[in-house]
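# Understanding the architecture of this molecule
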Amino acid sequence: MNPSPKPIQNDVLSQKLWHKIDHKTKPLKSLGRLEEIAHQVGLIQESLSPKLKSPKLLVFAADHGIAEEGVSAYPPEVTYQMVQNFLNRKACINSFCDTQGLDLLIIDAGVKKDSKPHPLLKVKKTRRGSRNMTKEAALTLKEVQTSLKYGADVVEDCYQQGTNWIGLGEMGIGNTSVASLWMHLLSNIPLESCIGKGTGIQKISQKKKVLLKVLAQHGRSPNLSSEMANYGGIELLQLCGAMGWAAHRRMVIMIDGFVVSVAYLLAERLYPHIKDYVFFSHLSHEKGHKTLLSYLQVKPLLSLDLRLGEGTGAALAYPLMKSALAFLNHMASFEEAGVSVSEN
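Only a predicted model underlies this, so the values are computations on that prediction, with no experimental measurement involved.

### Some thoughts on the overall build of the protein chain
- Along its length, the protein chain carries 14 helices and 6 strands.
- Against the globule reference of 20 Å for 344 residues, the protein chain gives a C-alpha radius of gyration of 20 Å, in line with a compact fold.
- In terms of overall dimensions, the protein chain has C-alpha extents of about 70 × 40 × 40 Å along its principal axes.
- In the protein chain, buried positions account for 56% of the 344 residues.
- Counting contacts in the protein chain only where the partners sit at least 6 residues apart, residues at least 24 apart contribute 76% of the total.
- Summed over all atoms, the accessible surface of the protein chain reaches about 14,700 Å², with 50% contributed by carbon and sulfur.
- Counting 40 positive and 31 negative side-chain charges, the protein chain places the averaged centre of each group 3 Å from the other.

The structure is reproduced here in structure tokens:
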């Protein structure tokens, strides 16, 4: 699979969408960001009456060798334990998906321990956790390509089921460390500004020490594939592949918080024009997220001081998009309602 997202360039449709939005029974631009959402989704779906079909929230989970270095407040085995919590339908993301009518799918991208077969689980295991990158490359070049392909495979399966909206989340002890490294490498933002407390403020100094060691070990590479092998992580790369293929299939993509936003930053390098298909659900409380969104020049839909992960922000933003399309598709125009148009 070789994703090839196309830029959304349809001036005629864009004008028709704005005409439809502007002539609803409301003051001009009075629905603010909801109007922008409706317009963008209409362009993605190439429709004046866009609809969200079979929406799915995908949580990619994997272990990280760097977790052995004490960069998280939680031990590495919590990745597997949280996957079981998802499958038992007892986690926060389960509650949010149930409330919003979203289908939840957990992808075992690289969890060390195997889970029993489950209706909510899809196993696309690149390997059983990435290697400890303080000692060696996190992945091989073949594992990098496998990760990207597996992410695309998951989305293609959703597409074949009629899905045109996906929310993206993650789970993996140590993955904020990996995300901080990638943010620094891809943006040149100082590493210290990329490091947040993740799952525990008491680990920040240890995290910084370990990440500096990793950078000294691997440095930079002019070859992006080599850098992906050096730094991993598995679920970030599968998220990249998922985003690229979703954009290729003209699906609406809702990004969760810090880690998924960093995966997007990497996906931008791999798949030109992907930005046209993406919405950023919220501004995380994680330290580097505000800086990253500013760097990307994007506006998140929500700001709730979340830093849980799991796709929770994406799930919470879903009803905003539903509301945006509801007004576009069902609200009367001035002509339909027999309401006089403002003379101003």
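### Here we look at the environment of D22
- Residue position: D22 is located in helix α1 (residues 11-22).
- Put simply, D22 and F334 are 312 residues apart on the chain and 9.7 Å apart in space, counted from C-alpha to C-alpha.
- What D22 contacts, discounting residues up to four positions off in sequence, is L28, K29, E35 and F334.

### Points about the environment of E192
- Structurally, the position occupied by E192 is in helix α7 (residues 191-194).
- Ignoring sequence-local partners within four residues, the contact set of E192 consists of K208 and K287.

What counts, and where the lines are drawn
- Residues numbered from 1 in each chain as written.
- Predicted model: local features only at pLDDT ≥ 70, side-chain atom pairs only at ≥ 80, totals over all residues.
- Heavy atoms only, no water.
- Helix = DSSP H or I, 4+ residues; strand = E, 2+ residues; numbered from the N terminus.
- Rg over C-alpha atoms; globule rule 2.2 N^0.38 Å.
- Buried < 20%, exposed > 50% of the residue type's maximum accessible area, 1.4 Å probe, protein only.
- Contact = heavy atoms within 4.5 Å.
- Areas by Shrake-Rupley, 256 points an atom, 1.4 Å probe, with all protein chains shown as cover.
- Lys, Arg positive; Asp, Glu negative; His and termini not counted.
- Charge placed at Lys NZ, Arg CZ, Asp CG, Glu CD.

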